[in-house]
Amino acid sequence: MRKSILSRLNNWIIFVLMTLVVVTIVVASTLLINYLRKEEIKRVDILVSALKFQQEVTTPSLEAQELILQIYSSNTTIPVIILDKDDRPIAHKNVPGEIENDTERIAELAQAMSRNYPAIELKFPNGNNQFVYYDNSALLNKLRYSPYILGFFILSYFLFSFWFLRTIKKTDEGYLWAGLAKETAHQIGTPLSSMIGWMEIMKLEDPVSEGVLEIEKDIERLRTISERFSKIGSIPELNDMNFNETIQENYDYLKTRISKRVNFELQLPPYDILVPHNRILISWVTENLVKNAVDAMKGEGVLIITVFEKNKNIVVEVKDTGSGMTKRQARNAFKPGYSTKKRGWGLGLSLAKRVVQEYHNGDIKIAQTEVGKGTVFRITIKKT
């Protein structure tokens, strides 16, 4: 539980840092654009001052004329329109080429510019005042959206990186559990071979002994468990077998090994169900769910396995009257290493999920749970 809390805290720290980076970039870009806008406004003010000086001075010096011409010519990006007091165009620069000769459209563009920046009035002694209209350059207009676009791409990149790292982590965990399972199968196999040899010797002395028969059943069970572990991490063979038989055999075995105080029932459809599956692995999944249910009921209650068809799927429900789960427990139930038991490893449900989802292209989930009333696990496998 402590590891889970630390893992969540780390995720939140990463998320906050990512958000701060994105916000910082957006704010910095916005400040830069505002700076560029102010610089353009200064350039317009200089241009207006030059025009006003040209109008006020009747005989400017040659140097002043050259300076005014240089100021006017240096503006190659900022659109500027000069109208008289009757809104007739006097001069314009950097306007769209398709309206350069259309005085009416130029006047309309000037009015549109005034909605962004107020016109600058040039006052003259004769009363023929002029009005200078201007707007952002095309580049600055495009740059207005750059902080949001940049922020979006950066956020997308971080989200992708976060998803990628989580995927790598899950893959590594998958290899870890698969390696652990195969090593377990290998370790079980060595003493199992020896037990099989000793069993054959015991059979020679008394082949019908009840003890020999029971030990033989347990040896066969150990062989099945070893085979289950060996299949984790490799692609199992799926055979088109009767699904009812798989569940029935598993039920018959488990019924003799759980508490007699558990009312254990099996409900199967009255017809055969043929679906591609691996009998050993499906039995393992069912056994895990049954053992979890018995533990949750503390060895006393009602446990029902129901098999039915729904929308071309085979559905297996394992319903118990145990202690149930909280929302948090249900959310974490299938995570590797998570367990509500003091001595639990937290591997059973995570491996069951791997078997159903990855090997049988199905789904396993907690369909219903309530604290103090019980839980319903649901397995769904496609028929084809």
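First, a word on what this report is: a plain description of the structure on this page. (Residues numbered from 1 in each chain as written. Predicted model: local features only at pLDDT ≥ 70, side-chain atom pairs only at ≥ 80, totals over all residues. Heavy atoms only, no water.)

Looking at the nonpolar core
The criterion, for reference: The nonpolar core is taken to be a set of buried Ala, Val, Leu, Ile, Met, Phe, Trp, Tyr and Cys residues, with the residues joined through side-chain atoms within 4.5 Å. Burial classes: relative accessible area under 20% of the type maximum marks a residue as buried, over 50% as exposed, and values in between as partly exposed (1.4 Å probe, protein chains only). Secondary structure counts use DSSP, requiring at least four H or I residues in a row for a helix and at least two E residues in a row for a strand, with both numbered from the N terminus. Two residues form a contact once any of their heavy atoms are found within 4.5 Å.
F243, F264 and L303 are the most contacted members of the largest nonpolar core, which totals 39 residues. Put simply, the parts of the chain that give this core at least two residues each are α7 (243–255), β6 (262–267), α8 (279–296), β8 (301–310), β9 (313–320), α10 (348–360), β10 (363–370) and β11 (374–382). Among the elements that make up this core, the one with the highest residue count is α8 (eight residues). Beyond its immediate stretch of four places on either side in the chain, F264 contacts Y251, L254, K255, I258, V290, L303 and I305.

Considering a nonpolar patch on the surface
Quick note on the threshold: Residues qualify for a patch when their relative accessible area is over 30% and they have no salt bridge, like charges being joined within 9 Å and the nonpolar side chains of Val, Leu, Ile, Met, Phe, Trp and Tyr within 5 Å. The Shrake-Rupley method, run with a 1.4 Å probe sphere, supplies the accessible areas, and residue values consider only the shown protein chains as cover. For salt bridges, the criterion is a side-chain nitrogen of Lys or Arg within 4 Å of an Asp or Glu carboxyl oxygen.
A contiguous nonpolar surface patch, about 630 Å² in accessible area, is contributed by Y145, Y148, I149, F152 and F153. When you line up the elements, I149 lands in helix α5 (residues 146–205).

Let's talk about the packing of α8 against α10
Condition: Structural elements are reduced to axes, namely lines fitted to C-alpha atoms, with helices fitted over the stretch in contact, and the angle between N-to-C directions of any two is expressed from 0 to 180 degrees. By definition, turning the near helix anticlockwise from the far helix through less than a right angle yields a left-handed crossing, and turning it clockwise yields a right-handed one. Residues are grouped as follows: nonpolar covers Ala, Val, Leu, Ile, Met, Phe, Trp, Tyr, Cys and Pro; charged covers Asp, Glu, Lys and Arg; every other residue, Gly included, is treated as polar.
The contact between α8 and α10 brings their axes to 9 Å, and the two run at 145°. By crossing handedness, the relation of α8 to α10 is classed as left-handed. Across the interface between the two elements, L281, I282, W284, V285, N288, L289 and N292 from α8 touch G348, L349, L351, A352, V355, V356, Y359 and H360 from α10. When the residues that make up the contact of α8 with α10 are grouped by side-chain class, the tally is 11 nonpolar, four polar and no charged.

Overview of the pairing of strand β1 (residues 80–84)
Quick note on the threshold: A pair of strands is treated as paired once DSSP finds two or more bridges between them.
Across the five residues that make up β1, a large majority, five, are buried. The alternating pattern of β1 places V80, I82 and D84 on one face and I81 and L83 on the opposite face, and all of these are buried. Connecting the antiparallel pair β1 and strand β2 (residues 89–93) is a turn made up of four residues, with D87 showing a positive phi of about 60°. In this sheet, strand β4 (residues 130–134) lies alongside β1 in antiparallel orientation, the contact comprising five bridges. Across the sheet, residue I81 finds its bridge partner in β4, namely Y133.

A closer look at the packing of aromatic side chains
The geometry of two aromatic rings is summed up by the distance between their centres and the angle between their planes. Keep this limit in mind: Stacked, tilted and edge-to-face are the three classes applied to pairs of Phe, Tyr and Trp rings, where Trp contributes its six-membered ring and a pair requires centres within 6.5 Å; stacked means planes under 30 degrees apart, edge-to-face means over 60, and tilted covers the rest.
Applying the stated criterion to the full structure yields three aromatic pairs. The interplanar angle of 20° and the centroid separation of 5.1 Å between the aromatic rings of Y117 and Y134 together place this pair among those described as stacked. Pair noted here: Y117 is in the loop between α3 (103–114) and β3 (120–122) and Y134 is in strand β4, with a separation of 17 residues, a long-range link. Its relative accessible area of 11% is what places Y117 among the buried residues.

Digging into the pairing of β2
Looking at chain direction, β1 and β2 are connected through four bridges and run antiparallel. Looking at the pairing, V80 lines up with K93 of β2.

Side note on the sheet that holds β4
Spatially, β2-β1-β4-β3 is the arrangement adopted by the four strands of the open sheet, whose pairing is antiparallel. The open sheet has two edge strands with one neighbour each: β2 and β3. On average, each strand axis in the sheet is inclined to that of its neighbour by 20°, with strand direction left out of account. As paired elements, β3 and β4 share three bridges and run antiparallel to each other.

Let's talk about the sheet that holds β6
Spatially, the five strands line up as an open sheet ordered β6-β8-β9-β11-β10, and their pairing is mixed. Edge positions in the open sheet fall to β6 and β10, since each of these has one partner strand only. Each strand of the sheet is rotated relative to its neighbour by a mean of 15°, with strand direction disregarded. Relative to β8, α8 is tilted by about 145°, and along the sheet it contacts β6, β8, β9, β10 and β11.

What about α10?
Cut-off, in case you're wondering: Helix span, expected: 1.5 Å multiplied by one less than the number of residues in the helix.
Look at α10: 17 Å from first C-alpha to last across 13 residues, which is about the 18 Å you get at 1.5 Å a residue. Three or more residues of α10 are buried, namely L349, S350, L351, A352, R354, V355, V356, Y359 and H360.

Here's the deal with the pattern of salt bridges
This structure, assessed with the given rule, holds 10 salt bridges. When the shortest N-O distance is used, the salt bridge between E287 and K291 registers 2.9 Å. Here E287 and its partner K291 are both found in helix α8, four residues apart, which amounts to about one turn of the helix. For E287, a relative accessible area of 5% gives the class buried. Between E370 and K373 there is a salt bridge; the shortest N-O distance is 3.6 Å. For K373, a relative accessible area of 59% corresponds to the exposed category. A cluster of three or more residues bridged by salt bridges with shared partners is formed by D84, D86 and R88.

A short note on unusual backbone geometry
The backbone of N94 sits at a positive phi, close to 60°, despite the residue not being glycine. Inspection of the secondary structure puts N94 in the loop between β2 and α3. Backbone geometry places N311, a non-glycine residue, at a positive phi of 50°. Within the secondary structure, N311 sits in the loop between β8 and β9. Assessed through its relative accessible area of 66%, N311 is described here as exposed.

Considering the environment of Y133
Within the fold, Y133 resides in strand β4. For the pair Y133 and L109, spaced 24 residues apart in sequence, the C-alpha to C-alpha distance is 9.1 Å. In this structure Y133 touches P79, V80, I81, L83, D87, A110, Q111, M113, S114 and A119, once residues within four positions along its chain are discounted.

Section: α3
Threshold: Working definition: the arc comes from the directions between the helix axis and the C-beta atoms, pointing outward to the latter. Identification of polar contacts relies on pairs of N or O atoms within 3.5 Å, with a donor-acceptor requirement for protein atoms, meaning one able to donate a hydrogen and the other able to accept it, and with residues adjacent in sequence counted only if both atoms are side-chain atoms.
Given a rise of 1.5 Å per residue, 12 residues ought to cover 16 Å, and the 17 Å separating the end C-alpha atoms of α3 matches this to within 8%. Among all positions of α3, only I106, A107, A110 and M113 are buried. Take α3 and look down its axis: the buried residues cluster within an arc of 115°, on one side only. Taken together, the buried residues of α3 touch β1, β2 and β4. Looking at where α3 begins, the residue whose side-chain oxygen comes 3.2 Å from the main-chain nitrogen of E104 is D102.

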